[in-house]
Amino acid sequence: MKKLYHGTISDITEIDVSAGRGFKDFGKGFYATAIPSHAERLAIRNKSTAEKRQSFMKNKKGFKPMPVTAYRYNLVYSEDIAGLKVKVFEKADREWLKFIIQNRKCEDSAHDYDIVIGPTADAETTAIINDYYDELIESDFSDEVCDKVIAELKPENLPKQYFFRTKEAVNTLRFDKVKRQVVG
């Protein structure tokens, strides 16, 4: 059993992988982290974004602002993955880089894994990848270019994320005794 955390502004009663958005590191699904503060930062960032949107919309006729709350959901991952297709990236490397770029271009997922575990590509990662994108594609993800990108990413600072793409994968999760906490 491993404790995982999910940061969001949504009130979750059950985990629904179809509620996720595409164009993400590992595709469309449910994401979690083993680091509570990482989940909290994501929830607080999402809250700030939602509040900015509401501020922009406040002068629109008929718009009623809603209170926005940031939550950290506490989960338990059973790690009983028998029968599931799982991909684990131990570190940010050429394969990981190519994988996240493929998924970030896809509305769903560019793979058929049930669970993917590996480094998180954050906003800074996105900027760095964008800077090197043409060079990565033109070089067909050559070792030289990938090494340059990964060195700039500072992979030792990228927290691990857990991605659940299917209902079967989600069945390895359950809410902890304290289901959620308000953060930020």
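Please refer to the structure placed before this passage.
Reading guide: rules and limits
Residues numbered from 1 in each chain as written. Predicted model: local features only at pLDDT ≥ 70, side-chain atom pairs only at ≥ 80, totals over all residues. Heavy atoms only, no water. Helix = DSSP H or I, 4+ residues; strand = E, 2+ residues; numbered from the N terminus. Expected span 1.5 Å × (residues − 1). Buried < 20%, exposed > 50% of the residue type's maximum accessible area, 1.4 Å probe, protein only. Contact = heavy atoms within 4.5 Å. Pairing = 2+ DSSP bridges. Right-handed = clockwise from strand over helix to strand, strands pointing away. Arc of directions from axis to C-beta.

*Asks:* In this structure, what is going on with helix α1 (residues 36-57)? I would like to understand it.
*Replies:* Count 3.6 residues to each turn of an α-helix, and residues three or four apart come out pointing the same way. Its 22 residues give α1 an end-to-end C-alpha distance of 32 Å, which sits within 8% of 32 Å, the value for a rise of 1.5 Å per residue. Taken together, the buried positions of α1 are His38, Ala39, Ala43, Lys47, Ala50 and Gln54. Elements that come into contact with the buried residues of α1 comprise β1 (2-8), β2 (30-33), β3 (70-77) and β7 (173-183).

*Asks:* Looking at this structure, I do not really get the pairing of strand β5 (residues 115-119). What am I missing?
*Replies:* One face of the sheet, then the other: side chains in a regular strand alternate in exactly this way. A large share of β5 lies buried, amounting to five of its five residues. Two strands pair when backbone bridges link them, and strand β4 (residues 86-88) and β5 are joined in this way by three bridges, in the parallel orientation. The partner of Lys87 across the bridge, within β5, is Val116. Taking the sense of rotation as the criterion, the β-α-β connection linking β4, helix α2 (residues 94-104) and β5 turns out right-handed. Relative to strand β6 (residues 160-164), β5 is paired through five bridges, and the arrangement is antiparallel.

*Asks:* What exactly am I supposed to notice about helix α4 (residues 143-153) here?
*Replies:* Residues of α4 that are buried include every one of Val145, Cys146, Val149, Ile150 and Leu153, and no others. Along the axis of α4, the buried residues cluster in a sector spanning 125°; they form a single face. Residues of α4 that are exposed and angled more than 90 degrees away from the buried face: Glu144, Asp147 and Ala151. Considering only its buried residues, α4 is in contact with α2 and α3 (123-138).

The values are spatial; any link to function lies outside them.
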